[in-house]
Amino acid sequence: MSRFFAASSSESESSEEEELYSGEEAEKSEDESTSESEEDDSDNSDSDSEGGATGVNRFLKSDDEEDSEDEEVEKSTVVKSAKDKKFEELEGTVRLIENAQKIGDWTVISAEYDKLNRQLPRLIRDNDGKVPKLYVKTVADLETLVNETVDKQKVTPKKMNALATRGLNAVRQKIRKLNKEYETDVQAYRDDKDGFMKEDEEIPLPAPTKKSKTRETFADGQQLDDEDDGGWEGVGKDGRAVRYSPESILKHLRSIVEARGRKNTDRLEQIRVMEKLLDVAVNDYQRIRVLLTLISTRFDLTSNSGNYMAQEQWRLQVYNADQEFSKLLSVLEANTNIFVVENGEEWDDDEKLPTIEENKTFRIPGSMVSFIERLDDELTKSLQQIDPHTADYIERLTDEASLYANICRSVIYVERMQKATDVNAPADSINRVIMRRLEHLYFKPAQVVDILEENTWKAIPQNLDSAITPRSQKQDTHELVKVLTNYLFQYSEGIIRARAMLCQIYFLALHDHYYRARDMMLMSHLQDTISSFDVTSQILFNRTLVQVGLCAFRAGLVYEAQNSLQDICGSGRQKELLAQGVQMTRYSQVSPEQERLERQRQLPFHLHINLELLECVYLTCSMLLEIPLLAQTGSAPDLKRRIVSKTYRRMLEYHERQIFTGPPENTRDHVMQASKALAAGEWQKAAEFISAIKIWDLMKEPEKIKAMLEAQIQEEGLRTYLFTYAPFYDTLGLSTLAEMFALEERKVAAVVSRMISHEELAAALDQVGKMVVFRKGVELSRLQSLALTLSDKASGLIESNERTLETRTQGMPNAFERDRGAGGRGGRGGGRGRGGARGGRGRGGGGGGAFQGVMGKVGA
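What you see is a predicted model; the values in this text were computed from it and never measured.

In terms of helices and strands, the chain carries 36 helices and 11 strands. Taking all 860 residues of the chain together, the buried fraction comes to 39%. Put simply, of all contacts in the chain between residues at least 6 apart along the chain, 63% involve residues at least 24 apart. Only carbon and sulfur atoms are counted for the fraction: they give 49% of the accessible area of the chain, which is about 50000 Å².

As a further point, take the packing of aromatic side chains. Overall, the coordinates contain 14 aromatic pairs when judged by the stated rule. Aromatic side chains Y135 and Y182 sit 5.8 Å apart centroid to centroid with 85 degrees between the ring planes, which places their arrangement in the edge-to-face category. Of the two residues, Y135 sits in helix α7 (residues 133-155) while Y182 sits in the loop between α8 (162-178) and α9 (183-191), which places them 47 residues apart along the sequence. In this pair, the class of Y135 matches that of Y182, namely buried.

Now for the pattern of salt bridges. A complete count under the given rule lists 34 salt bridges for this structure. Two residues, E275 and R298, come together in a salt bridge whose shortest N-O distance is 2.9 Å. Of this pair, E275 sits in helix α12 (residues 267-280) while R298 sits in helix α13 (residues 284-300); the two residues are 23 residues apart in sequence, bridging distant segments of the chain. E275 gets classed as partly exposed once you look at its relative accessible area, which sits at 35%. A salt bridge links E453 to R437; its shortest N-O distance comes to 3.2 Å. Taken together, the residues span a long stretch of sequence, with E453 in helix α19 (residues 446-459) and R437 in helix α18 (residues 429-439) at a distance of 16 residues. Assigned by exposure class, E453 and R437 land together as buried. It is possible to trace a salt-bridge network through shared partners that takes in E275, R298 and E324.

Now for the nonpolar core. Core analysis: the largest hydrophobic core is formed by 159 residues, its most contacted members being I288, Y413, F553, M623, I690, W696 and L722. No other element matches helix α28 (residues 611-635), which puts 11 residues into this core. Look past the residues within four positions of L722 in its chain and what remains in contact with it is L732, L737, V752, M755, L761 and F774. With 25 residues, the next largest nonpolar core counts V94, I97, V171 and F196 among its residues.

Here we take up the environment of A555. Within the fold, A555 resides in the loop between α24 (535-554) and α25 (558-569). Overall, the relative accessible area of 48% leaves A555 in the partly exposed class. Sequence separation between A555 and D512 is 43 residues, and the spatial gap between their C-alpha atoms is 7.6 Å.

Moving on: the side chain of H511. Residue placement: H511 occurs in the loop between α21 (495-510) and α22 (514-524). By relative accessible area, which is 16% here, H511 ends up buried. Of note is the side chain of H511, whose polar atom sits 3.1 Å from the backbone nitrogen of A446. Dropping the residues within four chain positions of it, H511 is found in contact with K444, P445, A446 and H478.

So, about the packing of helix α11 (residues 249-258) against α13. A pair of packed helices is characterised by two quantities: the angle between their axes and the separation of those axes. In the contact formed by α11 and α13, the axes pass within 11 Å of each other and the chain directions differ by 20 degrees. By the angle class used here, α11 and α13 are roughly parallel. At the point where α11 passes α13, the crossing takes the left-handed sense. On α13, the residues touching I249, L250, L253, I256 and V257 of α11 are Y285, Q286, R289, V290, T293 and T297. The class makeup of the residues in the contact of α11 with α13 is seven nonpolar, three polar and one charged.

Over its 15 residues, helix α20 (residues 477-491) runs 22 Å from end to end, which matches the ideal 21 Å to within 8%, given 1.5 Å per residue. Within α20 the residues assigned to the buried category are T477, L480, V481, L484, T485, L488 and F489. The arc that holds every buried residue of α20, seen down its axis, measures 170 degrees, which confines them to one face. The secondary structure elements touched by the buried residues of α20 are α18, α19, α21 and α22.

Once that is clear, we can look at α21. Count 3.6 residues to each turn of an α-helix, and residues three or four apart come out pointing the same way. With 16 residues, α21 ought to run about 22 Å at 1.5 Å a step, and its terminal C-alpha atoms sit 22 Å apart, in line with that. Counting buried positions over the 16 residues of α21 gives 12, a clear majority of the element. Of the positions making up α21, those classed as buried are A498, R499, A500, M501, L502, C503, Q504, I505, Y506, F507, L508 and A509. Those residues of α21 that are buried are in contact with α18, α20, α22, α23 (526-529) and α24. Phi turns positive, to about 65 degrees, at D512, one or two residues after α21.

For the rest of this paragraph, the subject is the confidence of the model for the chain. Across the chain, pLDDT averages 77, with 75% of residues at or above 70. Considering only residues more than four positions removed or in separate chains, one finds that residues 70-77, a stretch of pLDDT under 50, has four contacts.

Rules used throughout
- Residues numbered from 1 in each chain as written.
- Predicted model: local features only at pLDDT ≥ 70, side-chain atom pairs only at ≥ 80, totals over all residues.
- Heavy atoms only, no water.
- Helix = DSSP H or I, 4+ residues; strand = E, 2+ residues; numbered from the N terminus.
- Buried < 20%, exposed > 50% of the residue type's maximum accessible area, 1.4 Å probe, protein only.
- Contact = heavy atoms within 4.5 Å.
- Areas by Shrake-Rupley, 256 points an atom, 1.4 Å probe, with all protein chains shown as cover.
- Phe/Tyr/Trp six-rings, centres within 6.5 Å; stacked < 30°, edge-to-face > 60°.
- Salt bridge = Lys/Arg side-chain N within 4 Å of Asp/Glu carboxyl O.
- Core = buried A, V, L, I, M, F, W, Y, C linked by side-chain atoms within 4.5 Å.
- Polar contact = N/O pair within 3.5 Å; in protein donor to acceptor, adjacent residues only side chain to side chain.
- Axes fitted to C-alpha atoms, helices over the stretch in contact; angles between N-to-C directions.
- Parallel < 35°, antiparallel > 145°, perpendicular 65-115°, else oblique.
- Left-handed = near helix turned anticlockwise from the far one by under 90°.
- Nonpolar A, V, L, I, M, F, W, Y, C, P; charged D, E, K, R; others polar.
- Expected span 1.5 Å × (residues − 1).
- Arc of directions from axis to C-beta.
- pLDDT = per-residue confidence, 0-100.

See the structure below:
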């Protein structure tokens, strides 16, 4: 240290230098890291290069350092005042409240409202004792929302959860109490909202500051001139300014795309950034790129969620995506040379924009078809989650019209893309979009489809037209479905083609074209290959099969209807097979993953087929077929028992075992009591029971259905009567039968003739005397029936013996030889006896050969 004292000129300088040196000496001794030693080396090299200052002089500031320090002061960033920071904090709190209002999160609203009131005293103090207008606007709108929500909860059966209700009540009480202090300002805002917010206070202009000669550097490393006033400026997470300008759009999009899939990625912040980028975009290429990334990011909000999106979340995200998708279609329709295709090349240069020539096709990577499919899927998920018995479901279902309009616009866009020769668009894109359009039409009545199509073409711009379904050709609903399905038959294959055929069959059956629907179902041969399709297509096949059965029932074809409904209704798993519910049995071993997948496949409520109506139709058809069959089997014991419906038989046997049966309460009770009355010959009573079922009112033209059922019951009652009482008649007049069953003699003669021709009735029809002549001696007695039964069992026993013998002897050629030499062994039979030629002892059935041994074993 003596050398520093020797070089000093005064005591003060020496003391200062000693402190400097001692501080540096201590720092060097304590810190042994490599990084700091490297810094010291760099400092030494700098000091040597600055003029060779040594000793104390190396710690003193030179003139050049003072000049550079002055320049750094001039280049300092803008410092915000405390007042500006407080108002920015106010704006952030208000923004959080508005976002929570959109999704109905009253817990967040309550917490942010408390925070807003804690900020208010400081804001009033900084605002010269006046309440900030943004605060007045927020509390006024919040009070209106609270009142509307409370009124809505009074009339809506679907209540909020406990947390949301607690938050709503807390906000309601606080607003009642606090808004009284600012009642004048709130009323002034409600009287004239725009005028109240436009009355700006005088803000003193800041003193002019010296402009920096350099340019500001922002968080992303981009440099912009101070004179540039375009774009957005915000504050990043690290507190530094972030500039959103047209030149930085591609850089921001690149960073957002690279952050997809990473943990702790704030997608809501990314969406806000892209909304700002969309506002500052200056050309269509930038808008297309921003919209493509923005829509994908909105879908990513729920990509990792195991549950379905709530209604509010869907509206906040996907509904906006729907609007953004329409905006994207509009931009692409305005630029006929720009196409969004899956095989487009990615633009890698973020510094400059690509050159787009007017007469040359430019491709941007993306998939419009995937976007429209995802929008459709998200709408389905939303409808699956909402309670179908509330007004929210109907309100949410109205969004299908806008989605269908976008699907039609997508069809027109993909058609134009397919016509472009140098685009190389995927061949199945148009098929996928048309299939989505068809899936929104096939289950609707023709009147609804006509209104939907009319409103859709009104929403589509006049300069757009489709080559497949032109605007000029006003097609009826049947022709429209036929055109769409024929296009898919011609240009698609595999699952899409099969689904198109099922949709057309369903549509034909829904509109009572039974024979066309039946012929298409039989010619498609889908019943042979449907097991190899995906689960969604199998569900559509089951729905189509059920709809064909209902169509046959409406047409009065009972046998065909029962055959179509047998596979679905006879299994007892209607809900599961039609994707209208999950049936969990007590001993079922279903993993949570399988149950989740099963629930994801459920159809929205407006696509459901009424299961009670389906069961009623199935049981009624089974009754009309089973009751005459039971009567025929009872009068002819030699007839083989044939069962049409095991489900119906079990229900009927259970009903007959009941000691006391009260009046019918549900659909099943009505059908069972009607069956009992029909079997007893009381067709009027059976018709009354069937007509009293209220579920028929859900079908089209219920009176016509009831009249058809009454005619069917009369005819089947006649057949049941003839089967039951034929052994007791020699002759029976047609007039008597016509009077008993309220039928015309001509109809009775037709029924009897059909029974005779099918060999169901042993009789002859005397057309001259108009009577039925029964043949006696044809029916077997009880003893004869038992003898025939015994004979059948004996023949079955012989066949069983022969099969057993062949198994034991393994098909040897001498199996049936009685003489097999001395001591030949027979089969293992009953007792021991003599067998063979020389009286040898063998095991046989009392001295017999092998055949008798087997008989002995079976007989034993």
